[in-house]
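Chain residues, written in single-letter form:
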Amino acid sequence: MAIYDHSKYVSLTMEFRCNLKCVHCMIEGTMDRLAPESDDTFRELLAHNSRTRQWTGLILTGSEITLRRDLPDLARQARAAGFDHVRIQTHGMHLGRRAYSESLVEAGVDEFFVSVAGSDAMTHDTITTVKGSFEKTVRGLEILDEYPGVATITNTVVTEASYRLLPAVVDRLAHLKRLTQMEFWLYWPMAETDEKGLAANHLDVLPYLKEAARKARAHGRSVEIKNFPECLLGDDSLLLVNDQPQLYIDPAFWDEFAKNGFYQCPYRDSCASTQCLGLNSAYVKRYGDHADRLVPLINSSKEAVALAETIV
């Protein structure tokens, strides 16, 4: 289960450049026209939270937030305004430079949400399309592992290219002491169709996802799974956490997001789940609605487990 309370965090998208070209990037077609939040918005949010203490954690994100040269200064300002935690969401390559990681930690960044696309250099670099990216990202995680008070979180986007790698991703990062949580986000294309063929069939993904979750928990990590039917997870259904921090982002992003068409499920009207997003348009067009495998939750995740087990 999750160890971070998303309601206690607020996220600002402060950058829309990126020096990777990940094949699964959701915003590659809109990155050039989405505008980052302004410095004025940043300062206004700090002032608001200083008065109200609405949030305890600030997340600085973007296409790649470490491309902002003033990132350490943003972190210092957030800490001075009373945020207990400052997190950055990053592909992690720049963290492989010790001096840079040290500058962020000294500025007050104490949580690092790092994308790990594959289980080794070949698979990761093929997905990011940048040679050497895996080595730099893992080195960055290892550097951060040396700092008391620092927590790391990893995210792996689950696609047709990566789902078989999930248990191996957990194994590759098993040596990290400060890796507190591993997240697995099922890919969605920000469109009504899956033109790249990246969406993996949930039924194929399921055994690899459950094995990765089992291994991560055995290493003492918390696990969050995103965008997967809750009823299919069986006794891992409590790992489904689709909650997110409040997000400040260009409103044009939501126009694109709406194209996904989430909440498609033949049992939506009778299901009691509060976390499941069902299926999206691109997925249903490619794989159907799984009416013969999905089951509605009655009152709780435990009951959903019992129902799911009757059809396995």
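Reading the values: rules and limits
Residues numbered from 1 in each chain as written. Predicted model: local features only at pLDDT ≥ 70, side-chain atom pairs only at ≥ 80, totals over all residues. Heavy atoms only, no water. Phe/Tyr/Trp six-rings, centres within 6.5 Å; stacked < 30°, edge-to-face > 60°. Buried < 20%, exposed > 50% of the residue type's maximum accessible area, 1.4 Å probe, protein only. Helix = DSSP H or I, 4+ residues; strand = E, 2+ residues; numbered from the N terminus. Salt bridge = Lys/Arg side-chain N within 4 Å of Asp/Glu carboxyl O.

1. Here we look at the packing of aromatic side chains
Next up, step 1: In the structure shown here, the tally under the stated rule is ten aromatic pairs.
Next up, step 2: Ring geometry for Phe253 and Trp254: centres 4.9 Å apart, planes at 80°, overall edge-to-face.
Next up, step 3: The class for Phe253 is buried, based on a relative accessible area of 11%.
Next up, step 4: On the basis of relative accessible area, Trp254 is assigned to the partly exposed category, the value being 41%.
Next up, step 5: Judged by centre distance (5.6 Å) and plane angle (35°), the rings of Phe257 and Phe262 are tilted.
Next up, step 6: Overall, the relative accessible area of 25% leaves Phe257 in the partly exposed class.
Next up, step 7: An aromatic cluster is built from Trp185, Trp188, Phe253, Trp254, Phe257 and Phe262, whose rings are joined through pairwise contacts.

2. Some details on unusual backbone geometry
Next up, step 1: The phi dihedral of Thr129 falls on the positive side, at around 65°, and the residue is not glycine.
Next up, step 2: Positionally, Thr129 belongs in the loop between helix H4 (121-128) and helix H5 (133-144).

3. Overview of the pattern of salt bridges
Next up, step 1: Within the structure shown, the criterion is met by 19 salt bridges.
Next up, step 2: Measuring nitrogen to oxygen at the nearest pair gives 3.1 Å for the salt bridge that ties Arg68 to Asp39. One end of the pair, Arg68, is in the loop between strand E2 (57-61) and helix H2 (71-80); the other, Asp39, is in helix H1 (residues 39-52), with 29 residues separating them in the sequence.
Next up, step 3: The exposure class of Arg68 is buried, given its relative accessible area of 13%.
Next up, step 4: Judged by relative accessible area, Asp39 falls into the partly exposed class, the value being 33%.
Next up, step 5: For Arg43, the salt bridge identified is with Asp40, shortest N-O distance 2.5 Å. Taken as a pair, Arg43 and Asp40 lie in helix H1 at a separation of three residues, close to a single helical turn.
Next up, step 6: Given the relative accessible area of 45%, Asp40 is considered partly exposed.
Next up, step 7: Shared partners join several salt bridges into a network, and the residues in it are Lys210, Arg217, Asp235 and Asp236.

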